[in-house]
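Listed here are the chains, written in short residue letters.
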Amino acid sequence: MVIIPSNVIHCTQPADGALFTSSALFFCPSILTGNRDVLADLFSSSKLQRKHRYHLSEEKQREFLELLNKLNHESSKSDHYTADMSTILIQAIVIFLSRHCHTSPHETAGMPDWIHHSLHYINDHLDEEIELTQLASAACVHPAYFSKRFKTTIGLTFSDFVKSKRMIKAKELLRNSPCSVQDIAEQCGYKSMPHFFRTFRATTGKTPSVYRKMSLN
């Protein structure tokens, strides 16, 4: 079971030659808000602790599949109650996972410790210059090997990953922070405003100011 909060960069990397079937459930976070914000705890704690892989016992897997089948059956209908019933079933699924999911002991299986530490460093230092050579030196590996292994493991080049993380942070700040666009650019590691504007527009199709205005509306 993989829990993916919003704005988390991720990719699927099966073992060479391995075949697998996956089912993905996407839904708007607003389904989990209201008087019972505790429903969002599964995702907020996953994002805070940076743990995304969980497991269910075989018995609970069967119960979970029953809930998914009910949701799938409901989505095939189109009557007056479909939307409300689907919302109720999604909330039931989240409650079920919150009760029965346990952190996998192999959360970072296949990921070298130095990549795991590098990801933490990137996330905590987005407002600073982040150099591949600096992280490679800290990991005691050659920069060329760092670059190749990083892309193989994460699914993005080092520079694309850092840029994506900065854009995610910028969008979050534009939605939720009263800071000026210039302050937000600096908090995301951009010292040049034109560079920030070009990158943000290329990523979202909007300028930072327009994105903020649309988010508020």
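Chemist: I'd like to hear about helix α5 (residues 132-139), residue by residue, with values.
Modeler: When α5 is considered as a whole, its buried residues turn out to be L132, L135, A136 and A139. Down the axis of α5, the sector holding all buried residues measures 100°, keeping them to one side. Residues S137 and A138 are exposed on α5 and point more than 90 degrees away from its buried face. Residues of α5 that are buried in the fold lie against α4 (113-124), α6 (143-154) and α7 (158-176). Positioned one or two residues after α5, C140 has a phi angle of 60°, which is positive.

Chemist: So, the packing of aromatic side chains: which residues are in play, and what are the values?
Modeler: For the coordinates displayed, the defined rule picks out twelve aromatic pairs. With 5.9 Å between their ring centres and 75° between their planes, F146 and F158 make a pair best called edge-to-face. Within this pair, whereas F146 is found in helix α6, its partner F158 is found in helix α7, the two being separated by twelve residues in sequence. As far as burial versus exposure is concerned, F146 and F158 are alike and both buried. Taken together, W114, Y145, F146, F150, F158 and F161 form an aromatic cluster joined through their ring pairs. In this structure, R166 packs its charged tip against the face of Y190, placed 6.0 Å from the ring centre.

Chemist: Got a sec to walk through the pattern of salt bridges? Specific residues and values, please.
Modeler: Enumeration according to the criterion identifies two salt bridges in this entry. Across the pair E63 and K60 runs a salt bridge, and its minimum N-O distance is 3.5 Å. Separated by three residues within a single helix, E63 and K60 lie in helix α2 (residues 58-75), roughly one turn from each other. The partner of K77 in a salt bridge is E74, with the nearest N and O atoms 4.0 Å apart. You can call E74 buried: its relative accessible area is 9%.

Chemist: How would you explain the side chain of T199 if you had to name every residue and give the values?
Modeler: Examined against the element boundaries, T199 turns out to sit in helix α9 (residues 193-204). Those residues in contact with T199 that sit more than four places away from it in its chain are K163, M167 and Y190.

Basis of the calculations
Residues numbered from 1 in each chain as written. Predicted model: local features only at pLDDT ≥ 70, side-chain atom pairs only at ≥ 80, totals over all residues. Heavy atoms only, no water. Buried < 20%, exposed > 50% of the residue type's maximum accessible area, 1.4 Å probe, protein only. Helix = DSSP H or I, 4+ residues; strand = E, 2+ residues; numbered from the N terminus. Arc of directions from axis to C-beta. Contact = heavy atoms within 4.5 Å. Phe/Tyr/Trp six-rings, centres within 6.5 Å; stacked < 30°, edge-to-face > 60°. Lys NZ or Arg CZ within 6 Å of the ring centre and 35° of its normal. Salt bridge = Lys/Arg side-chain N within 4 Å of Asp/Glu carboxyl O.

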